[in-house]
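Residue-level structural notes
Single-letter residue listing:
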Protein chains: 2
Amino acid sequence: MDTAKQFGLELTPLQEKVVSDLLRIQDRICNGLEEVDGTKFQEDLWQHKGGGGGRTRVIQGNVFAKGGVNFSVVTGPIPHMMHDRMKAGATRFFATGVSIVIHPVSPKVPIIHMNIRYFESDYGDQWIGGGIDLTPIYVNDQQAKQFHESLKETCDAFSPLYYQSFKELADDYFFIKHRHETRGIGGIFYDYLKPDLHTSMETLWQFNTRVGDTFLKAYLPIVQANKELTYTEEEKQWQLVRRGRYVEFNLVWDKGTLFGLQTGGRIESILMSLPKFASWEYNKEVKEGSAEAHTQARLVKGIDWVNQA
Amino acid sequence: MDTAKQFGLELTPLQEKVVSDLLRIQDRICNGLEEVDGTKFQEDLWQHKGGGGGRTRVIQGNVFAKGGVNFSVVTGPIPHMMHDRMKAGATRFFATGVSIVIHPVSPKVPIIHMNIRYFESDYGDQWIGGGIDLTPIYVNDQQAKQFHESLKETCDAFSPLYYQSFKELADDYFFIKHRHETRGIGGIFYDYLKPDLHTSMETLWQFNTRVGDTFLKAYLPIVQANKELTYTEEEKQWQLVRRGRYVEFNLVWDKGTLFGLQTGGRIESILMSLPKFASWEYNKEVKEGSAEAHTQARLVKGIDWVNQA
């Protein structure tokens, strides 16, 4: 494939397919977001020093204040933090994925994150990982339900166990430990999903591409429903504070960010997940009975959004 | 001492003296900052679950947008990340210190940080640590020289080797590794400074209190010289971006922040170091020959501020 070749890598047929699916998913998502926003993504192609590179796309638009949809395909020596996950003889990794974070202008439109990835070592390790999660500035229970239903539908087509299992993993992963609060209303998260006697790598990869294709279906209806709503200065400030929590999660706890920083990834592509503006207030308290208090109370693990909301 | 007792700790005579010196230093620094700002600090007393507590003071003023001057005295089981530093039999630590971060309103007034601390284990470990460093939004070489001269004067009174050695440690410590840039113009940094045949604990502690007493002398002249200067919207935006880098350092690299998060410290006191507002721009570039470019070029290790500026 030309696009993979331009990153200077020789790919196996499976790697070719994975990369080409990811590039297609990146294209489709960018097109969908551009249509809603009326603004084009800016594209940067970059090379990774260990081998490979990426196609970073950033939007700074009318609906989406700062959003990144990043494709990357990189190889390199296995970083220290990953040794435990590998077979003992592995020395080099191959990793490719699409990673998205969108910070909308309006506090009524939720922040969204998605990541789907494929990983190999040179000693036969092979797995997929991924996830989608939503971070509303103001939690709307009905929209949270819709969002989780979309994810559940995608999961159910592969296994009746996926959704519940991956939803719990998302609650655990997207958790700001030092604040004892979830980042948002969660979603699904999975990692180290490997082929076994019952499931081939092809099926696993198909699942991952379906998650990628669920992004617009799960997110755009919420964007459309909320983007024209008015908001106050106070609601804007609450958004900046919630974005501050997002920064805390990404810089302190997010394994993807740490992996990128440790493997010499392109800083601007890794940290495009950070918002244009964020705020930290000392001892910020929310008024009892307010919409902010409702949101704060929903930032806990274990809510059954599909059935309770 | 009443103030230590109110945190529920029984102190040795040396611990009493250390705590009482730290509280005096906190008072003096707060008074000095209040006088310049015209705004009073807000005080919060808090208890630490493992034992001890703190006296957090926060200013949100006219000159200082968000500043914290925090005293804490805490005990607890030794956290994992500190085991290597201890004698093998140590099980509990005692740590006390004053920690300061000030984010001024004007981009012409530098951000400042100071920390002085005293540490003991229950198995005879005993050391001091500390440091002061300055983060100008716009580097002024003459003021950087003055700042380093103040620190050098304090160091020289104890050892002719201190300043150069601690200045180099500051360059290494206040370094944003993933950006390959220093946080600011550095200052001094030292840790695990232990009594030996030539230097008693009393002398080491005296050095630490002198560093505490250097804070106002090193910082206020720069504040006074710059606080009335006018600035543009563009300069304000550059300040928000530089503050973003400060957030990156504190959340990704700062050992004090990680220590606080790992030992169950009070989150609002640990993260008071974060600015009220910060910004991240994708691929921000500075114009050649601009004041921003001058600052960017000065964010490197190894500048001899005292002699070259």
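Now for a description of the structure that goes with this document. (Residues numbered from 1 in each chain as written. Chains lettered and ligands numbered in written order. Predicted model: local features only at pLDDT ≥ 70, side-chain atom pairs only at ≥ 80, totals over all residues.)

Attention shifts here to helix 6 (residues 233-253) of chain A. End to end, helix 6 of chain A covers 30 Å across 21 residues, agreeing with the expected 30 Å (1.5 Å per residue, within 8%). Of the positions making up helix 6 of chain A, those classed as buried are W238(A), Q239(A), R242(A), R243(A), G244(A), Y246(A), V247(A), E248(A), F249(A), N250(A) and L251(A). (Helix = DSSP H or I, 4+ residues; strand = E, 2+ residues; numbered from the N terminus. Expected span 1.5 Å × (residues − 1). Buried ≥ 20, exposed ≤ 12 C-beta atoms within 10 Å, placed from the backbone.)

Let's shift gears to the sheet that holds strand 4 (residues 92-104) of chain A. All names here are of chain A. Spatial strand order, 1-2-3-4-5-6-9: seven strands in an open sheet with antiparallel pairing. The open sheet is flanked by strand 1 (42-47) and strand 9 (186-193), the only strands paired with a single partner. Neighbour-to-neighbour, the strand axes of this sheet turn through a mean angle of 10 degrees, independent of strand direction. Note: strand 5 (residues 111-121) against strand 6 (residues 126-135), 10 bridges, orientation antiparallel. Considered in strand 6, the bridge of I112 is made with L134. (Pairing = 2+ DSSP bridges. Axes fitted to C-alpha atoms, helices over the stretch in contact; angles between N-to-C directions.)

This part takes up the relation of the copies chain B and chain A. Relating one copy of the chain to the other requires a rotation about an axis plus a shift along that axis. Superposing chain B onto chain A takes a rotation of 180 degrees combined with a translation of 0.0 Å along the rotation axis, leaving an RMSD of 0.0 Å. This pairing of chains is accounted for by a two-fold axis. Here 100% of the interface residues in chain B have copies in chain A that are interface residues too; the copies meet face to matching face. (Least-squares fit on C-alpha atoms with pLDDT ≥ 70 in both. Contact = placed C-beta atoms within 7 Å.)

With 23 residues of chain B at the interface, the matching set in chain A holds 23 residues. Counting residues per element, the ones that place at least two in the side of chain B that touches chain A are helix 6 (233-253), helix 8 (267-270) and strand 10 (277-279) of chain B. Considering every element that reaches the side of chain B that touches chain A, the biggest residue donor is helix 6 of chain B, with four residues. Of the residues that constitute the side of chain B that touches chain A, the class distribution is 14 nonpolar, three polar and six charged. (Nonpolar A, V, L, I, M, F, W, Y, C, P; charged D, E, K, R; others polar.)

All names here are of chain A. Orientation of helix 3 (residues 141-156) relative to helix 5 (residues 201-226), taken along the N-to-C sense of each, is 160 degrees, at an axis distance of 10 Å. Comparing the axis directions of helix 3 and helix 5 gives the class roughly antiparallel. Considering the relative orientation of helix 3 and helix 5, their crossing is right-handed. In this structure, helix 3 uses Q143, Q146, F147, S150, L151 and T154 to contact helix 5, whose residues at the interface are R210, V211, T214, K217, A218, P221 and I222. (Parallel < 35°, antiparallel > 145°, perpendicular 65-115°, else oblique. Left-handed = near helix turned anticlockwise from the far one by under 90°.)

Residue and element names in this part refer to chain B. With respect to the secondary-structure elements, I137 resides in the loop between strand 6 (126-135) and helix 3 (141-156). Note: C-alpha distance between I137 and G52 (85 residues apart in sequence) is 36 Å. Excluding residues that lie within four positions of it along the chain, I137 makes contacts with P107, P110, W238, Q239 and R242.

Moving on, we come to the pairing of strand 5 of chain A. Residues and elements named next belong to chain A. Most of strand 5 sits inside the fold, with 11 of its 11 residues counted as buried. Here strand 5 shows no split at all, with I111, H113, N115, R117, F119 and S121 on one side and I112, M114, I116, Y118 and E120 on the other all buried. Bridge analysis of strand 4 against strand 5 gives 10 bridges, and the strand direction is antiparallel. Counterpart to V101 in the pairing with strand 5 is H113. Where strand 4 hands over to strand 5, the hairpin turn is made up of six residues, counted between the paired strands. Taken together, strand 5 and the strand that follows it, strand 6, pair antiparallel across an intervening segment of four residues, in which G124 is found at a positive phi of about 95 degrees.

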